[in-house]
Amino acid sequence: AYGATKAFVSHYLAALRHKFAKLGSRVLVLDAQPGFVDTAMAKGDGLFWVATREKAAVQILRAVDHRRSHVYITRRWWLVAWLLRLLPDAVYNRM
């Protein structure tokens with residue numbers, strides 16, 4: 001369910017981005033996908049690559065300043081996302 005929800009949100013944001021572009025608007029639609037950020041929600045054993053809230057905020061603000069459409073927090077999470085995209089659906093769905 002998580003993967004489907006994440007994909008739905010990303011596609012929805014892409015559609016909003018497209019709509020604003022067609023309207024000639026300069027509204028920025030940023031798809032920020034965080035890994036583990038040190039908050040009350042991300043508590044547990046075995047977490048790795050945990051970012052501080054400050055580091056996550058800086059990376060998101062940097063993405064806004066550079067008018068990016070997508071950012072992984074922290075940037076090393078793009079590697080995980082890239083690897084997951086390479087998996088066949090049958091393998092991904094069993095995870």
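Basis of the calculations
- Residues numbered from 1 in each chain as written.
- Predicted model: local features only at pLDDT ≥ 70, side-chain atom pairs only at ≥ 80, totals over all residues.
- Heavy atoms only, no water.
- Helix = DSSP H or I, 4+ residues; strand = E, 2+ residues; numbered from the N terminus.
- Contact = heavy atoms within 4.5 Å.
- Areas by Shrake-Rupley, 256 points an atom, 1.4 Å probe, with all protein chains shown as cover.
- Patch = residues over 30% accessible without salt bridge, like charges linked within 9 Å, V, L, I, M, F, W, Y side chains within 5 Å.
- Salt bridge = Lys/Arg side-chain N within 4 Å of Asp/Glu carboxyl O.
- Lys, Arg positive; Asp, Glu negative; His and termini not counted.
- Charge placed at Lys NZ, Arg CZ, Asp CG, Glu CD.
- Buried < 20%, exposed > 50% of the residue type's maximum accessible area, 1.4 Å probe, protein only.
- Core = buried A, V, L, I, M, F, W, Y, C linked by side-chain atoms within 4.5 Å.
- Phe/Tyr/Trp six-rings, centres within 6.5 Å; stacked < 30°, edge-to-face > 60°.

(A) Fine view of the overall build of the protein chain. Tallying secondary structure elements over the protein chain gives four helices and two strands in all. The secondary structure elements of the protein chain, listed N-terminal to C-terminal, are α-β-α-β-α-α. With the C-alpha coordinates aligned to their principal axes, the bounding extent of the protein chain is approximately 45 × 35 × 20 Å. Partitioning the intrachain contacts of the protein chain with sequence separation of at least 6 by distance along the chain shows that 46% fall at a separation of at least 24. Carbon and sulfur atoms provide 62% of the accessible area of the protein chain, an area that totals close to 7,400 Å².

(B) Representation of the environment of M41 within the structure. Structurally, the position occupied by M41 is in the loop between β1 (31–34) and α2 (53–65). Through-space distance from the C-alpha of M41 to that of I73 is 15 Å; in sequence the pair is 32 residues apart.

(C) Main features of a positive patch on the surface. Among the surface-exposed residues, K55, R62, R75 and R76 lie close enough to one another that they form a single positively charged patch. Its location among the elements puts R62 in helix α2. Owing to a relative accessible area of 36%, R62 belongs among the partly exposed residues under this scheme.

(D) The arrangement of the nonpolar core in detail. Among the nonpolar cores identified, the biggest contains six residues, and these are L30, V37, A56, A63, V71 and I73. Of all elements in the fold, only α2 and β2 (70–73) reach the threshold of two or more residues within this core. Those residues in contact with I73 that sit more than four places away from it in its chain are Q33, P34, G35, V37, A56, Q59 and I60.

(E) Main features of the packing of aromatic side chains. Counted according to the given criterion, the structure contains two aromatic pairs. Judged by centre distance (5.6 Å) and plane angle (80°), the ring pair of F36 and W77 falls under edge-to-face. Residue F36 is located in the loop between β1 and α2, and its partner W77 is located in helix α3 (residues 77–86); the two are separated by 41 residues in the primary sequence. In this structure F36 comes out as partly exposed when scored by relative accessible area, which is 28%. We classify W77 as buried; its relative accessible area is 13%. Chaining the aromatic ring pairs together yields one cluster made of F36, W49 and W77.

(F) Representation of unusual backbone geometry in the model. A cis amide bond links I73 to the next residue, T74, at an omega of -15°. Even without being glycine, R67 reaches a positive phi, approximately 55°. Residue placement: R67 occurs in the loop between α2 and β2.

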